[in-house]
Amino acid sequence: MRSGARATLVRMAVLALLWGSGFLWIKVALSGGLAPLHLTVIRCALGAAVLLALARAAGQRMPRGRRVWGHLVVAAFFCNALPFFLFSLGEQTVDSGVAGVLNATTPLWSLAIGLTLRTERRLGPLRLTGLLLGFAGTLLIFAPWQRTGLASWGALALLAAAVSYAVAFAYMARHLIGRADTAGSPLALSAAQLLTATGLTALALPAAPAGSGSPTLTAIVAVVILGTLGTGITFHLNSRLIADEGPTAAATVGYLLPVVSVALGALVLGEEVGPRVLVGMAVVLAGVGLTRHKGERQGEPLDEQGGEPRGDEQHEKRDERRDEKDEWNQVCRTGPHPLGE
């Protein structure tokens, strides 16, 4: 296995581990007295602080230019501010199993948006089969037909969050990640986006309902872990995956989240894992493996108008974008920060 492919798999595993624990920390923080909006602002601020420190240590500058910051506002709203708030809101009435299933729809929404906008790489039968298998495995693991809460406003909020993530991944891949004016500062770009998300969510604080009391120590610990690891580090890793693999491939990490949560429950808490869950985990892993099939993963973008491969001029532009993305990846790999290879 090539070192780049191995590094991508490691990032996917770490991202799934940290991201998968996020549902737990949200639930703990909400139970400990934090309101959804307060939780959203704090996790964005903590994540931004972590990435700002890493960017400073790596000697990276914050992005400049009105155009870049305009794109950051859009990306921060759809990738951070809106879904973070919707997840905190939805988990007040929906259990973690239903939340996991609804979050796992993100790759399917990402695929639909990419194909509609003709920004998704060519989709072969193996990749499509892998995406469908991943979702089917998630259904087997969580068995939502045995749970309550699917027909509720909380479930709608979680579904909207999954769609918001998909919109954000496509937007970031097209307008931010790997561009010539942002390629040299990946950590700073991630920090800038979370900083923007902090500002956007803070604007809504005056409208937030007053809390019932002071948050518990457990809630404070939970939000600190959620902000530093489950927001800051995971957001940067996710941006790296979008740059390396494309938005839909990056979104397939969502399929690994239930696998991680079930495995941790069995290993750490001694929870029983039945045959249905084991089969579901195997189906998820098989599906994710198919989405990474080398023969189909590296497809060509489609023309925005007619859906045919682009002509010579468009090929040159695509090659320039690929060079920019290579520069982004090279900086990420060699920069003096702890998240490189």
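Described in the following lines is the structure provided in the data block.

Rules behind the numbers
- Sequence order as written defines the numbering, with residues in each chain counted from 1.
- Reporting in this predicted model follows two pLDDT cut-offs: at least 70 for local features of residues, and 80 or more for side-chain atom pairs to be given and counted; totals over whole chains, interfaces and linings ignore these cut-offs and use all residues.
- Only hydrogens and water are removed before side-chain values are computed, so all heavy atoms of the structure are retained for them.
- In summary, the pairing rule links any two rings of Phe, Tyr or Trp, Trp by its six-membered ring, whose centres are within 6.5 Å, and it sorts them by plane angle into stacked for under 30 degrees, edge-to-face for over 60 and tilted for everything else.
- A run of H or I in DSSP counts as a helix once it spans at least four residues, and a run of E counts as a strand once it spans at least two, with each numbered from the N terminus.
- Think of it in three bands: residues with accessible area under 20% of the maximum for their type are buried, residues over 50% are exposed, and the middle band is partly exposed, with areas taken using a 1.4 Å probe on protein chains only.
- Criterion for a charge above a ring: Arg CZ or Lys NZ at most 6 Å from the ring centre, at most 35 degrees from the ring normal.
- The patches reported here contain residues having more than 30% relative accessible area and no salt bridge. Joining distances are 9 Å for like charges and 5 Å for nonpolar side chains (Val, Leu, Ile, Met, Phe, Trp, Tyr).
- For the accessible areas, the method is Shrake-Rupley and the probe is 1.4 Å, while residue cover comes only from the protein chains on display.
- The term salt bridge refers to a side-chain nitrogen of Lys or Arg lying within 4 Å of a carboxyl oxygen of Asp or Glu.
- Comment: axis = line fitted to C-alpha atoms, over the contacting stretch for helices; angle = value between 0 and 180 degrees taken between N-to-C directions.
- Roughly parallel here means an angle under 35 degrees, roughly antiparallel means over 145, roughly perpendicular means 65 to 115, and every remaining angle is called oblique.
- Whether a crossing is left-handed or right-handed is set by the direction in which the near helix is turned from the far one by less than a right angle, anticlockwise for left-handed and clockwise for right-handed.
- Any two residues whose heavy atoms approach within 4.5 Å at even a single point are treated as in contact.
- Amino acids outside the nonpolar list (Ala, Val, Leu, Ile, Met, Phe, Trp, Tyr, Cys, Pro) and the charged list (Asp, Glu, Lys, Arg) are all regarded as polar, and Gly is one of them.
- Each nonpolar core is a collection of buried residues, namely Ala, Val, Leu, Ile, Met, Phe, Trp, Tyr and Cys, held together in the definition by side-chain atoms within 4.5 Å.
- Cysteine sulfur pairs qualify as disulfides if the two atoms are within 2.5 Å.

1. So, the packing of aromatic side chains
Each aromatic ring pair is specified by the distance between its two centres and by the angle formed by the two planes. Here the structure, examined in full by the defined rule, presents 4 aromatic pairs. Centroid distance Phe 87 to Tyr 165: 5.9 Å. Interplanar angle 35°. Geometry classified as tilted. With Phe 87 in helix H4 (residues 66-90) and Tyr 165 in helix H8 (residues 153-175), the pair connects residues that are 78 residues apart, well separated along the chain. For the pair Phe 87 and Tyr 165, a shared accessibility class is recorded, and that class is buried. In textbook terms, an aromatic cluster arises when at least three aromatic residues are bridged by ring pairs, as seen for Trp 19, Phe 87, Tyr 165 and Phe 169. Lying over the aromatic face of Phe 84, Arg 43 brings its terminal NZ or CZ to 3.7 Å of the ring centre.

2. Side note on a nonpolar patch on the surface
A surface patch of nonpolar side chains, amounting to about 350 Å² of accessible area, comprises Leu 217, Ile 220, Val 221 and Val 224. By secondary structure assignment, the location of Leu 217 is in helix H10 (residues 217-245). The exposure class of Leu 217 is exposed, given its relative accessible area of 66%.

3. A look at the packing of helix H6 (residues 106-117) against H8
Direction vectors running N to C along H6 and H8 enclose 45°, while the axes themselves pass 8 Å from each other. Judged on the interaxial angle alone, H8 and H6 are oblique. Classified by chirality, the crossing of H8 by H6 is right-handed. Seen from H6, the contacting residues are Thr 106, Trp 109, Ser 110, Ile 113 and Leu 117; seen from H8, they are Leu 159, Ala 162, Val 163, Tyr 165, Ala 166, Val 167, Phe 169, Ala 170 and Arg 174. Tallied by class, the residues present in the contact of H6 with H8 amount to 11 nonpolar, 2 polar and 1 charged.

4. A word on the nonpolar core
As a rule of thumb, nonpolar side chains are buried together in soluble globular proteins. Leu 39, Ile 141, Met 172 and Val 253 are the most contacted members of the largest nonpolar core, which has 76 residues in total. Once you skip the residues sitting within four places of it in the chain, Val 253 turns out to touch Met 12, Leu 15, Ala 16, Trp 19 and Leu 241.

5. As for the state of the cysteines
A covalent bond between the sulfur atoms of two cysteines is referred to as a disulfide. Summed over all chains, the structure comprises 0 disulfides. Here Cys 79 is not cross-linked by a disulfide; its sulfur's nearest cysteine counterpart is in Cys 44, at 9.7 Å. On the accessibility criterion, Cys 79 (3% relative accessible area) is buried.

6. Concerning the packing of helix H2 (residues 22-31) against H10
At a minimum axis distance of 8 Å, the contact between H2 and H10 shows a crossing angle of 150°. As judged from the angle between their axes, H2 and H10 are roughly antiparallel. Of the two elements, H2 crosses H10, and the hand of that crossing is left-handed. Residue-level inspection shows Gly 22, Trp 25, Ile 26, Val 28 and Ala 29 of H2 in contact with H10, the latter providing Thr 218, Ala 219, Ala 222, Ile 225 and Leu 226. Broken down by class, the residue content of the contact of H2 with H10 amounts to 8 nonpolar, 2 polar and no charged.

In short, geometric facts, not functional conclusions.
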